[in-house]
Amino acid sequence: MRHRHFLKLFPAGAIMLSVLAGPALANPVVVFDLNSGQILQHQDAFKRWYPASLSKLMTAYVTFRAIAAGEVQLDSPIKVTKHSAGEPPSKMGFKPGSVMRLDNALKMMLVKSANDIAMAVGENVGGSQAAFAERMNAEAARLGMNGTHFVNPNGLYSPDQYTTARDLSILVMAIRREFPQYAPWFSIEGLAVGKKAISNYNLLIGRYPGADGMKTGFVCPSGFNMIGSATRNGRTLVAVVLGEKSAISRAETAAKLLDQGFDAPAAGSTTVTTLAPYGDLISPNDMHDEVCKKKTKAEQSEAPPAVAAKDVPKSPYREKLDHVPTLVAVGLGGATGPAPKAILDEGAQEYADVPIPPWRPDKPVPAGTGPKVVGAAAQGDQPTKAAN
């Protein structure tokens, strides 16, 4: 039984047995209360898994820490390098040399899950991809993410980039507890980039009652990953779901787990940080053949298919939003803040070719989500790219 470890860890009646109802899940899962860290359900929580674009949560966390340390500001310039521009989709597609504000870059990275922008953020904030990966790993070690290792800021596949559902839970708690001012960025319904509208890949946003975050990820070896959070009556629950077969099924699984969590009373004392390791801690998964071998490039995408397969029940997460989505305007330009310290040499000269703006006396307040517009164009406008 997949739930054997769960039953060993908790005596009968000490945890929400109603959560265990129904068929066993196939892959790693952790459901927990954000405020207390209390685990409501877990399965294969320490199984090594490829994070895909869930890596971008660590990229955001490292960057939030850099902002707090004064290394960079929200209006600092993020320059698209030749290397970052060459990253495969999903991507924004800006040309090398393009410059944007850091806060806009982070929103594009989190909502569009843009691989080119994540790499640009890493290179600018860290000085290089390798230096930024070192910072990602240092933060993972400091937080106690003992089953995690990073090599890049965007989550594109590498056999040496891996994590666990339990470690991702720790990261989510760190982000949401330490940097609540950025919480609105994880619940943005969509972006407006010029006349183009881009919807959030997180299909819970705007569809699941109380949904307020956080991130999705997909590469063929990982399957479809998702971290979904929702708040009801002051209680925030988080579901970490790894290795689903499609964008629709991961949203449905996350929603079901959250429903079960909200329906059950709080009980038990084991938390994300006190959960004891179990199971195979070393062998990596690889879902490439299972998820992608017999699928077209369009199907190898975070975007849900435009047309449902025959004989498949209609899902609410395949439907367009039942309201006009609120879009956050992002784009190039407007970067009037100081250049990231990591890309300055000892003489305070930038060794890229981005002009260095003067320091501002005031520090920007990271409140809200920036300019917003309303547009029905975002309905279902999700790119169909292969890797995210």
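Residues numbered from 1 in each chain as written. Predicted model: local features only at pLDDT ≥ 70, side-chain atom pairs only at ≥ 80, totals over all residues. Heavy atoms only, no water.

### Let's talk about the sheet that holds strand β2 (residues 39-43)
Reading across the sheet, the 5 strands line up as β2-β1-β9-β8-β7 and stay open at both edges, with antiparallel pairing between neighbours. Here the strands that pair on one side only, and so sit at the sheet edges, are β2 and β7 (211-219). In this sheet, neighbouring strand axes are inclined to one another by 5 degrees on average, regardless of whether the strands run parallel or antiparallel. (Pairing = 2+ DSSP bridges. Helix = DSSP H or I, 4+ residues; strand = E, 2+ residues; numbered from the N terminus. Axes fitted to C-alpha atoms, helices over the stretch in contact; angles between N-to-C directions.)

### Things to note about the nonpolar core
Among the nonpolar cores identified, the biggest contains 76 residues, and Phe32, Met58, Phe64, Ile117, Leu191, Ile227 and Val240 are the most heavily contacted of them. Residues in contact with Met58, not counting those within four places in the same chain, are Met136, Glu139, Ala140, Leu143, Met145, Phe150 and Leu171. (Core = buried A, V, L, I, M, F, W, Y, C linked by side-chain atoms within 4.5 Å. Buried < 20%, exposed > 50% of the residue type's maximum accessible area, 1.4 Å probe, protein only. Contact = heavy atoms within 4.5 Å.)

### Let's talk about the packing of aromatic side chains
Applying the stated criterion to the full structure yields 9 aromatic pairs. The structure contains a cluster of three or more aromatic residues connected by ring pairs, namely Tyr61, Phe64, Phe179, Tyr182 and Trp185. The ring of Tyr162 is capped by Arg48, whose NZ or CZ atom sits 3.8 Å from the centre of that ring. (Phe/Tyr/Trp six-rings, centres within 6.5 Å; stacked < 30°, edge-to-face > 60°. Lys NZ or Arg CZ within 6 Å of the ring centre and 35° of its normal.)

### Description of the packing of helix α2 (residues 55-68) against helix α7 (residues 165-178)
At a closest axis distance of 10 Å, the pairing of α2 and α7 adopts a crossing angle of 35 degrees. For the crossing formed where α2 meets α7, the hand is left-handed. Here Leu57, Met58, Tyr61, Phe64 and Arg65 of α2 come into contact with α7, specifically with Leu171, Val172, Ala174, Ile175 and Glu178. Tallied by class, residues from the contact of α2 with α7 come to 8 nonpolar, no polar and 2 charged. (Left-handed = near helix turned anticlockwise from the far one by under 90°. Nonpolar A, V, L, I, M, F, W, Y, C, P; charged D, E, K, R; others polar.)

### Comments concerning the pairing of strand β8 (residues 223-232)
Most of β8 sits out of view: 8 of its 10 residues are buried. As paired strands, β7 and β8 are joined by 8 bridges and run antiparallel to one another. Its bridge partner being in β8, Ala211 is matched across the sheet by Ala230. Between β7 and the antiparallel strand that follows it, β8, lie 3 residues. Linking β8 to strand β9 (residues 235-244), which pair antiparallel, is a turn of 2 residues; within it Asn233 sits at a positive phi near 50 degrees.

### Quick look at the packing of helix α4 (residues 102-112) against helix α5 (residues 115-126)
The N-to-C vectors of α4 and α5 enclose an angle of 140 degrees; their axes lie 8 Å apart at closest approach. Viewed along their axes, α4 and α5 adopt a mutual orientation that is oblique. Crossing angle aside, the handedness with which α4 passes α5 is left-handed. For the pair α4 and α5, the contacting residues are Leu102, Ala105, Leu106, Met108 and Met109 in the first and Ile117, Ala118 and Val121 in the second. Split by residue class, the contact of α4 with α5 holds 8 nonpolar, no polar and no charged. (Parallel < 35°, antiparallel > 145°, perpendicular 65-115°, else oblique.)

### Considerations on the environment of Leu203
Inspection of the secondary structure puts Leu203 in the loop between β6 (196-199) and β7. On the accessibility criterion, Leu203 (2% relative accessible area) is buried. Between the alpha carbons of Leu203 and Tyr317 there is a distance of 5.9 Å; along the sequence they are 114 residues apart.

### Remarks on α7
Along its 14 residues, α7 runs 20 Å from first to last C-alpha, staying within 8% of the 20 Å computed at 1.5 Å per residue. Across the 14 residues of α7, 12 count as buried, placing the element largely inside the fold. Ala165, Arg166, Asp167, Leu168, Ser169, Ile170, Leu171, Val172, Met173, Ala174, Ile175 and Arg176 are the residues of α7 that are buried. On the buried face of α7, the contacting elements are β1 (29-33), α2, α6 (129-143), β7, β8 and β9. (Expected span 1.5 Å × (residues − 1).)

### Re the pattern of salt bridges
Pairing is possible between side chains of opposite charge, provided their charged atoms come close. Taken as a whole and assessed by the stated rule, the structure comprises 10 salt bridges. Of the charged contacts, one joins Glu139 and Arg65 as a salt bridge, the two residues approaching to 3.1 Å between their closest N and O atoms. Of this pair, Glu139 sits in helix α6 while Arg65 sits in helix α2, and the two are 74 residues apart along the sequence. Across the pair Lys245 and Glu290 runs a salt bridge whose closest N-O atoms are separated by 2.9 Å. Of this pair, Lys245 sits in the loop between β9 and α8 (247-263) while Glu290 sits in helix α9 (residues 288-292), and the two are 45 residues apart along the sequence. Judged by its relative accessible area of 39%, Lys245 is partly exposed. Each of Arg65, Glu139 and Arg142 takes part in a single network of salt bridges with overlapping partners. (Salt bridge = Lys/Arg side-chain N within 4 Å of Asp/Glu carboxyl O.)

### Considerations on the state of the cysteines
Summed over the entire model, instances satisfying the criterion amount to 1 disulfide. Note on cysteine connectivity: Cys220 is disulfide-linked to Cys292, with sulfurs 2.1 Å apart. The sign of the -90 degrees torsion about the S-S bond sets the Cys220-Cys292 disulfide as left-handed. One end of the pair, Cys220, is in the loop between β7 and β8; the other, Cys292, is in helix α9, and 72 residues separate them in sequence. (Disulfide = S-S within 2.5 Å.)

### Comments concerning the confidence of the model for the protein chain
Detailed conclusions should not be drawn from predicted coordinates in areas where pLDDT is low. With 78% of its residues at a pLDDT of 70 or more, the protein chain has an overall mean of 84. Between residues 1-23, whose pLDDT stays under 50, and residues either more than four places distant or in other chains, the model counts 41 contacts. Throughout residues 352-365 the model reports pLDDT below 50, and contacts reaching past four residues in sequence, or to other chains, amount to 29 contacts. (pLDDT = per-residue confidence, 0-100.)

### Focus: α5
In this model, α5 (12 residues) spans 16 Å end to end at C-alpha, consistent with the 16 Å of a helix rising 1.5 Å per residue. Close packing links the buried residues of α5 with α2, β3 (77-79), α3 (82-85), β4 (99-101), α4 and α6. Positioned one or two residues after α5, Gly127 has a phi angle of 100 degrees, which is positive.

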